[in-house]
Amino acid sequence: MKNGLFITFEGADGCGKTTQMSMLADYLKSKGYNVVLTREPGAKGLGEKVREILLNYDGEVSDRCESFLFLADRAQNIDIIVEPAVKEGKIVLCDRHIDSTVAYQGYGRGLNIERINMLNNLATNGRKPDLTFVFDIDVETSMKRVGKEKDRMESAGIEFHNRVRNGYLELAKQEPNRIKVIDASKSIDEIHKKVVEIISAM
Ligand code: TYD
């Protein structure tokens, strides 16, 4: 595996990606790699505040406003955390990134996908992840895992989440080299094995 990589973790709420990201971080650290963890929304500092609005604000939020908030947080994450770390040869693992906006705001909310791609490109300065995992799981199982305490996004309904899921699968078809779909209904250990297998080929 080479140094200086940017790897993103994507999928439905409750798909288990955060657990897998943390397991992979431990694995990579045990192999001597320098690993940086980040997330969207809410990388650190200002990003935390944007996250709070996005997940907890209970007034009206327009779909476009929601998109711009995710994008603002993304620009901050790329500039302050991701790019500097990758330049130093570190491996950056990021919980959600550009594909979340395409899946949730594009496929889920129905905003124009070409335009989202353009905005994503602006927010990231054109820097795409070197590798993206999509943890795929059926919506019923993922909603069961999320439980009754749902945040603003998780409360968007079954149909919305089905569109999000299909969005991810569509993206993976379009970019099979970057995006690897993993069956997230398997056991935590089986999924981890698969993740390591894929990453070891890089
Ligand atoms: P979070 O609590 O981080 O969810 P998870 O643990 O499932 O990642 O909440 C992030 C929520 O924001 C999640 O529902 C997906 C959504 N989201 C978007 O709608 N668009 C985006 O661009 C991003 C980054 C996240």
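So, a few notes on the structure that sits alongside this text. Residue numbers here run from 1 along each chain, matching the order of that chain's written sequence. With the structure being a predicted model, the display of local features is reserved for residues of pLDDT at least 70 and the display and counting of side-chain atom pairs for 80 or more, all residues being used for whole-chain, interface and lining totals. Side-chain numbers come from the whole structure's heavy atoms, not from hydrogens or water.

So, the sheet that holds strand 4 (residues 131-136)
Pairing in this open sheet of five strands is parallel, and the strands run 2-3-1-4-5 from one edge to the other. Looking at strand neighbours, the two that pair on one side only are strand 2 (35-39) and strand 5 (179-183), the edges of this open sheet. Ignoring strand direction, the axes of neighbouring strands in this sheet form an average angle of 20°. DSSP bridges decide pairing: two strands pair if at least two such bridges lie between them. Helix and strand labels come from DSSP, where a helix needs a run of H or I of at least four residues and a strand needs a run of E of at least two; each type is numbered from the N terminus. Direction of pairing for strand 1 (residues 5-11) relative to strand 4: parallel, over a ladder of five bridges. Counted as the bridge partner of Ile7 is Leu131 from strand 4. Helix 4 (residues 98-108) rests against strand 1, strand 4 and strand 5 of the sheet, and its axis sits at about 25° to strand 1. Packing of helix 8 (residues 188-200) onto the sheet brings it into contact with strand 1, strand 4 and strand 5, and relative to strand 4 it is tilted by some 160°. Note on method: axes are straight lines fitted to C-alpha atoms, helices fitted across the in-contact stretch only, with angles between N-to-C directions ranging 0 to 180 degrees. When checking whether two residues touch, look at their non-hydrogen atoms; a contact exists if any pair is within 4.5 Å.

What to know about empty space enclosed by the protein
Think of a 1 Å grid over just the protein atoms. A cavity is a set of points where a 1.4 Å probe fits yet cannot get out, a pocket is an open set with protein on both sides within 12 Å along at least five of seven lines, and lining residues have an atom within 4 Å of a point. Grid points are joined across faces, edges and corners, and a volume is the space filled by probe spheres set on the points. Throughout the structure, instances matching the rule amount to one cavity of 30 Å³ or more. Lining the largest cavity are Gly11, Ala12, Val134, Phe135, Asp136, Ile137, Arg165 and Tyr168. At the level of elements, strand 4 and helix 7 (158-174) are the ones that each hand at least two residues to the lining of the largest cavity. If you tally residues by element for the lining of the largest cavity, the top one is strand 4, at three residues. Looking at the lining of the largest cavity, its residues break down into five nonpolar, one polar and two charged. Any residue outside Ala, Val, Leu, Ile, Met, Phe, Trp, Tyr, Cys, Pro, Asp, Glu, Lys and Arg is labelled polar, Gly included; the first ten of those are nonpolar and the last four are charged.

Quick word on the layout of surface pockets
Of the voids in this model, the largest pocket is the one considered here, and its volume is about 470 Å³. As for the largest pocket, its lining consists of 24 residues, and the residues nearest its centre are Asp13, Lys17, Glu40, Arg51 and Arg96. Among the elements of the structure, helix 1 (17-30), helix 2 (46-56), helix 3 (63-87) and helix 4 are those that each provide at least two residues to the lining of the largest pocket. When residues of the lining of the largest pocket are assigned to their parent elements, the largest contribution, four residues, is made by helix 4. Of the residues assigned to the lining of the largest pocket, the class counts are seven nonpolar, seven polar and ten charged. What the second largest pocket holds in volume is close to 220 Å³. Lining the second largest pocket we find 16 residues, and of these Ile98, Val102, Asn117, Lys128 and Glu175 sit closest to its centre. Among the elements of the structure, helix 4, helix 5 (113-124) and helix 7 are those that each provide at least two residues to the lining of the second largest pocket. For the lining of the second largest pocket, the leading source of residues is helix 5, giving five residues. Tallied by class, the residues present in the lining of the second largest pocket amount to five nonpolar, six polar and five charged.

Re helix 6 (residues 139-146)
Exposed residues in this analysis have more than 50% of their type's maximum accessible area, buried residues have under 20%, and partly exposed residues fall in between, with area computed by a 1.4 Å probe over protein chains only. Within helix 6, burial applies to Val139, Ser142, Met143 and Val146. Down the axis of helix 6, the sector holding all buried residues measures 100°, keeping them to one side. More than 90 degrees from the buried face of helix 6, the exposed residues found are Glu140 and Lys144. In this fold, the buried residues of helix 6 make contact with helix 7. Note on helix 6: the residue one or two positions beyond its end, Gly147, has a positive phi of about 85°. What the arc covers is the set of directions going from the helix axis to the C-beta atoms.

The values reported here are purely geometric and, on their own, carry no functional implication.
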